[in-house]
Amino acid sequence: MIITDNPAAYLERAEMHEQLAAGTSDEPARKMHLAMAAEYRRKAAEIGALSIARSGTDHGLKLHASAG
């Protein structure tokens, strides 16, 4: 499994495993590829949720009102 904080990398791996699953007639291999794809998608969603949670606590965003 890869280690990164970029959800897109996990989604790319998920798509790769889905393509491998679709291209094989070996049932155990297909199940393994689909399980790997599901795990990569779960990890991407987990990282995405953590990113949103962190940005929600980030006080670096400021709103500016223009006088006009």
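Reading guide: rules and limits
Residues numbered from 1 in each chain as written. Predicted model: local features only at pLDDT ≥ 70, side-chain atom pairs only at ≥ 80, totals over all residues. Heavy atoms only, no water. Phe/Tyr/Trp six-rings, centres within 6.5 Å; stacked < 30°, edge-to-face > 60°. Helix = DSSP H or I, 4+ residues; strand = E, 2+ residues; numbered from the N terminus. Buried < 20%, exposed > 50% of the residue type's maximum accessible area, 1.4 Å probe, protein only. Contact = heavy atoms within 4.5 Å. Expected span 1.5 Å × (residues − 1). Arc of directions from axis to C-beta. Polar contact = N/O pair within 3.5 Å; in protein donor to acceptor, adjacent residues only side chain to side chain.

Caption draft 1: Molecular detail of the packing of aromatic side chains. If you walk through the whole model with that rule in mind, you get one aromatic pair. Each ring, one from Tyr10 and one from Tyr40, has its centre 6.1 Å from the other, and the planes form 40°; the classification is tilted. Here Tyr10, found in helix H1 (residues 7–22), pairs with Tyr40, found in helix H2 (residues 27–56); they are 30 residues apart in sequence, far enough to count as distant. Each member of the pair, Tyr10 together with Tyr40, is buried.

Caption draft 2: Structural view of the side chain of His17. Positionally, His17 belongs in helix H1. Those residues in contact with His17 that lie beyond four places of it in its chain are His33, Met36, Ala37 and Tyr40.

Caption draft 3: H1, seen in detail. The terminal C-alpha atoms of H1 lie 23 Å apart, and with 16 residues this matches the ideal 22 Å at 1.5 Å per residue to within 8%. Of all the positions in H1, only Tyr10, Ala14, His17 and Ala21 are classed as buried. One side of H1 holds all its buried residues, which, seen down the axis, span an arc of 65°. Of the exposed residues in H1, the ones pointing more than 90 degrees away from its buried face are Glu12, Gln19 and Ala22. You can read the cap of H1 off the contacts: a side-chain oxygen lies 3.0 Å from the backbone nitrogen of Ala8, and it is on Asn6.

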